[in-house]
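# Analysis of the macromolecular model
Now for the letters of each chain:
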Amino acid sequence: MEDEAIISLDLCFKLKDKGFTVYHSDDYYDALKIISDKKPDLIITDLKLKSGFVGIDIYNKFKDDGYKFIIISGTNHDKKLDDFIKSENLIFVNKPFVFEDLFDKINELLNK
């Protein structure tokens, strides 16, 4: 889930070009259903979502199910969020990002 449609779709196309199977949603509740039904190896979500939820909400819902997470954001965040990110099993990526750097992080997570 990504709050900016152009970035989201571009990322989907680039991931598919790299051979990944991609499930996409810009709706929090639809994303929950997709995750529950499809059981992806990795969840990539934006920190700030259109629906009033945040990527941490998705993380908290599924973190005990063994999913790997990347949270992306262009929003400045506070020390509390920094401490949360460091204490949890997720990778945080700041926008703007270089796609190749993101792919390296994806491969790093998937190969753990």
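Preceding this section is the structure that the text describes.
Everything numeric in this text was worked out from a predicted model, so none of it was measured. (Residues numbered from 1 in each chain as written. Predicted model: local features only at pLDDT ≥ 70, side-chain atom pairs only at ≥ 80, totals over all residues. Heavy atoms only, no water.)

## Notes on the sheet that holds strand E3 (residues 90-94)
- Pairing within the open sheet is parallel, and its 3 strands lie in the order E1-E2-E3. The open sheet has two edge strands, strand E1 (42-46) and E3, and neither has a second partner. Averaged over all neighbouring strand pairs, the angle between strand axes comes to 20°, with direction disregarded.
- Most of the contacts of helix H3 (residues 55-62) go to strand E2 (residues 68-73), to which it runs at about 170°, and overall it touches E1, E2 and E3.
- Sheet contacts for helix H5 (residues 99-110): E1, E2 and E3; angle to E2, the most-contacted strand, approximately 160°. (Pairing = 2+ DSSP bridges. Helix = DSSP H or I, 4+ residues; strand = E, 2+ residues; numbered from the N terminus. Axes fitted to C-alpha atoms, helices over the stretch in contact; angles between N-to-C directions. Contact = heavy atoms within 4.5 Å.)

## Details of the packing of helix H1 (residues 5-17) against H5
- One can describe the packing of H1 onto H5 by two numbers: an axis separation of 12 Å at closest approach and a directional angle of 60°. In terms of their interaxial angle, H1 and H5 are classed as oblique. Between H1 and H5 lies a crossing whose hand is right-handed. Facing H1, whose interface residues are Asp10, Leu11, Lys14 and Leu15, H5 presents Phe99, Leu102, Phe103 and Ile106.
- Residues of the contact of H1 with H5, tallied by class, amount to 6 nonpolar, no polar and 2 charged. (Parallel < 35°, antiparallel > 145°, perpendicular 65-115°, else oblique. Left-handed = near helix turned anticlockwise from the far one by under 90°. Nonpolar A, V, L, I, M, F, W, Y, C, P; charged D, E, K, R; others polar.)

## Some thoughts on the pattern of salt bridges
- Tallying each qualifying case throughout the model produces 4 salt bridges.
- Residue Lys18 pairs with Glu100 through a salt bridge whose shortest N-O separation is 3.2 Å. With Lys18 in the loop between H1 and helix H2 (28-38) and Glu100 in helix H5, this residue pair connects regions lying 82 residues apart in the sequence.
- For Glu100, a relative accessible area of 41% translates into the label partly exposed.
- We note a salt bridge from Lys33 to Asp37, for which the minimum N-O separation is 2.6 Å. Of this pair, Lys33 and Asp37 both sit in helix H2, separated by 4 residues, roughly a single helical turn. (Salt bridge = Lys/Arg side-chain N within 4 Å of Asp/Glu carboxyl O. Buried < 20%, exposed > 50% of the residue type's maximum accessible area, 1.4 Å probe, protein only.)

Purely spatial values, then, with no claim about function.
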